[in-house]
Amino acid sequence: MPDRPHARWFSAVCAWRFYLKGLGREATGRREMAVAAYRAALERAPAQAGWWYRLGRVQESMRQWRAAADSYHEAVGHGGERPRRAEAFRRVTAEAERYLIRDFRPLAGPAGRCGVCGQAGLSWEADYPADSPLFKPARIRFCRICGSGAVPDAARLVADYYRSDYAAGNRRDRELSPEEYFAPDTERRHPGLRHYFARARAQVDILKAAGADFGRVLDYGAGPGYFLYVSGAREPFAVELDSHSDKYLAYLGATKLDPDQLPRHHFDVVVASHVLEHLTAETVRDTMRRLVESLRPGGLLLVEVPNGGHLYLELTDAQEPHTLFFAAEGLRRLLYDAGAEVVSTYAVGPQHKRRSGAVMYAPPEDDAWASSGNDGIGLVVRGSPPNNHE
């Protein structure tokens, strides 16, 4: 196909437009949206070394050390070994090392019961890799049986954090009106939201492949309702503690439910996407049982979480405010114990390096999903049919 000068000109204009939008988002503290805008600009102009450097600075401020190191590396590669860029690369590489958990201490006495797999496997403890006053004093205890981890007494640690502070402090996108949030051109005008809509679309596709019917749909930890919107749920329901999301869920016509009082055998589809890691070891097994029991016969539940296999992977990104850390085997055991039948498994995102030398837990090498080193892990399950006497 012949190269057309006006097409190159149009692409360059779009790149500069996204870059300037990123500068504006960065200046107003909307860092996730700034990152997305800079990425959109660099998709169109990947040789802009200064833009890579700018992206790296925002990622560094968000403590996304691995991503920042990659961006600074691109800046050096496209713009030469300038001292400022080379120093930034060395700095974030060292910072990433600081967030890598190295000191696993054996717990004294008999192994405690793991809140994820339910087995007496809690044998190791490590400091929480954090800088904030809230999480820095915390500890994570890890299970030698399923590889998962949990923060003890997490309910006291986070208290009412998710009712308002989470969205206000971490996302800063809730000032948009519902009409603007769910407009057809939202992802073009607000590239910071692309990731969330794209993830919802991918999850809808996974559920469609499993034969899902998007009639009665519950989004557990819905946020503003990305999945409910993308799936076109005919009867949308939501569990969401963040009060900043209420206006969006109301706009979608979603019925909000109490997480402790879910109806039984009611939903065609339930989604719990990147929410279980915010629960506690004391509540996650009961929560999963209620989610599975809320499915109609033949209904499907999709669960997706960040990979929390610190015992066997070199995970360096900031973990706050997660209080549960799921290895794939732990997540599967959790669903199995709740009475679910696994339909499919999947992994998403870039790969993390495996720890070298002796490890405290190693997933089965012949299980490709359990040993996955991807950023995110997920599965789709089908609930057990109700007993005749129920």
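Coordinates for the structure precede this section.
This is a predicted model, so every value here is computed, not measured.

Draft legend 1. Spotlight on the overall build of the protein chain. Looking only at helices and strands, the protein chain has 14 helices and 13 strands in total. A principal-axis box enclosing the C-alpha atoms of the protein chain has dimensions of 70 × 50 × 45 Å. Within the protein chain, buried positions represent 52% of all 390 residues. For the protein chain, contacts bridging at least 24 residues in sequence account for 65% of all contacts bridging at least 6. In the form shown here, the protein chain has an accessible surface area of approximately 17700 Å², with 51% of it arising from carbon and sulfur atoms. When the 52 basic and 50 acidic side-chain charges of the protein chain are each reduced to a single mean position, those positions are 4 Å apart.

Draft legend 2. The arrangement of the pairing of strand β7 (residues 235-239) in detail. The buried count for β7 comes to four of five residues, which makes it a mostly enclosed element. Inspection of the sheet shows strand β6 (residues 216-220) paired to β7 by five bridges, in the parallel sense. By the bridge assignment, Tyr-220 is partnered in β7 with Val-239. Traced from β6 through helix α11 (residues 226-231) to β7, the parallel crossover comes out right-handed.

Draft legend 3. Representation of the environment of Cys-146. Structurally, the position occupied by Cys-146 is in the loop between β4 (139-143) and β5 (149-150). A residue is classified by how much of its surface remains accessible, and Cys-146, at 0% relative accessible area, is buried. Taking the C-alpha atoms as reference, Cys-146 lies 28 Å from Ala-209; in sequence the two are 63 residues apart.

Draft legend 4. A look at the packing of aromatic side chains. Within the structure shown, the criterion is met by 21 aromatic pairs. Seen from their ring centres, Trp-16 and Tyr-19 are 5.7 Å apart, and the 90 degrees between their planes marks the pair as edge-to-face. With Trp-16 and Tyr-19 both in helix α1 (residues 5-27) and three residues apart, the pair spans about one turn of that helix. Judged by relative accessible area, which is 43%, Trp-16 ranks as partly exposed. Between Phe-104 and Phe-142 the ring centres are 5.5 Å apart and the planes differ by 70 degrees, which places this aromatic pair in the edge-to-face class. With Phe-104 in the loop between α5 (83-99) and β1 (105-106) and Phe-142 in strand β4, the pair connects residues that are 38 residues apart, well separated along the chain. Like Phe-142, Phe-104 is buried. Put simply, the rings of Tyr-181, Phe-182, Tyr-196, Phe-197, Tyr-226, Tyr-229, Tyr-248 and Tyr-251 touch in pairs and so form one group of aromatic residues.

Draft legend 5. The arrangement of helix α3 (residues 49-61) in detail. For α3, spanning 13 residues, the distance from its first C-alpha to its last is 19 Å, which sits close to the expected 18 Å at 1.5 Å a residue. For α3, the full list of buried residues reads Ala-49, Trp-51, Trp-52, Tyr-53, Leu-55, Gly-56, Val-58, Gln-59 and Glu-60. Trailing α3 by a residue or two, Arg-63 shows a phi angle of about 65 degrees, which is positive.

Draft legend 6. Layout of the packing of helix α2 (residues 31-44) against α3. Contact pair α2 / α3: the axes reach a minimum separation of 10 Å and the direction vectors enclose 155 degrees. Comparing the axis directions of α2 and α3 gives the class roughly antiparallel. Pair α2 / α3 crosses with left-handed handedness. Contacts between α2 and α3 pair Arg-31, Val-35, Tyr-38, Arg-39, Ala-41 and Leu-42 from the former with Trp-51, Trp-52, Arg-54, Leu-55, Val-58, Gln-59 and Ser-61 from the latter. A breakdown of the residues in the contact of α2 with α3 according to their chemical character gives eight nonpolar, two polar and three charged.

Draft legend 7. Structural view of the state of the cysteines. According to the stated counting rule, one finds zero disulfides in the structure shown. Cys-117 carries a free sulfur, and the closest cysteine sulfur to it, the one in Cys-143, is 3.8 Å from it. What makes Cys-117 buried here is its relative accessible area of 1%.

Draft legend 8. Representation of helix α4 (residues 65-79). If you check α4, its first and last C-alpha atoms are 21 Å apart, about what 15 residues at 1.5 Å a residue would give, namely 21 Å. Residues of α4 that are buried include every one of Trp-65, Ala-67, Ala-68, Ala-69, Ser-71, Tyr-72, Ala-75 and Val-76, and no others.

Draft legend 9. Structural context of the sheet that holds strand β12 (residues 340-351). Read from one edge to the other, the open sheet built from seven strands follows the order β8-β7-β6-β9-β10-β13-β12, with strand pairing classed as mixed. What marks the edges here is a single partner per strand, and that holds for β8 (255-256) and β12. Examined bridge by bridge, strand β10 (residues 295-306) and strand β13 (residues 374-383) share seven bridges and lie antiparallel to one another. Within β13, the position partnered with Val-305 by the bridge is Ile-377. Lying on the sheet, helix α13 (residues 284-293) is in contact with β6, β9 (267-273), β10, β12 and β13; it crosses β10 at an angle near 140 degrees. On the sheet, helix α14 (residues 328-337) packs against β10, β12 and β13 and is oriented at approximately 15 degrees with respect to β13.

Conventions we followed
- Residues numbered from 1 in each chain as written.
- Predicted model: local features only at pLDDT ≥ 70, side-chain atom pairs only at ≥ 80, totals over all residues.
- Heavy atoms only, no water.
- Helix = DSSP H or I, 4+ residues; strand = E, 2+ residues; numbered from the N terminus.
- Buried < 20%, exposed > 50% of the residue type's maximum accessible area, 1.4 Å probe, protein only.
- Contact = heavy atoms within 4.5 Å.
- Areas by Shrake-Rupley, 256 points an atom, 1.4 Å probe, with all protein chains shown as cover.
- Lys, Arg positive; Asp, Glu negative; His and termini not counted.
- Charge placed at Lys NZ, Arg CZ, Asp CG, Glu CD.
- Pairing = 2+ DSSP bridges.
- Right-handed = clockwise from strand over helix to strand, strands pointing away.
- Phe/Tyr/Trp six-rings, centres within 6.5 Å; stacked < 30°, edge-to-face > 60°.
- Expected span 1.5 Å × (residues − 1).
- Axes fitted to C-alpha atoms, helices over the stretch in contact; angles between N-to-C directions.
- Parallel < 35°, antiparallel > 145°, perpendicular 65-115°, else oblique.
- Left-handed = near helix turned anticlockwise from the far one by under 90°.
- Nonpolar A, V, L, I, M, F, W, Y, C, P; charged D, E, K, R; others polar.
- Disulfide = S-S within 2.5 Å.

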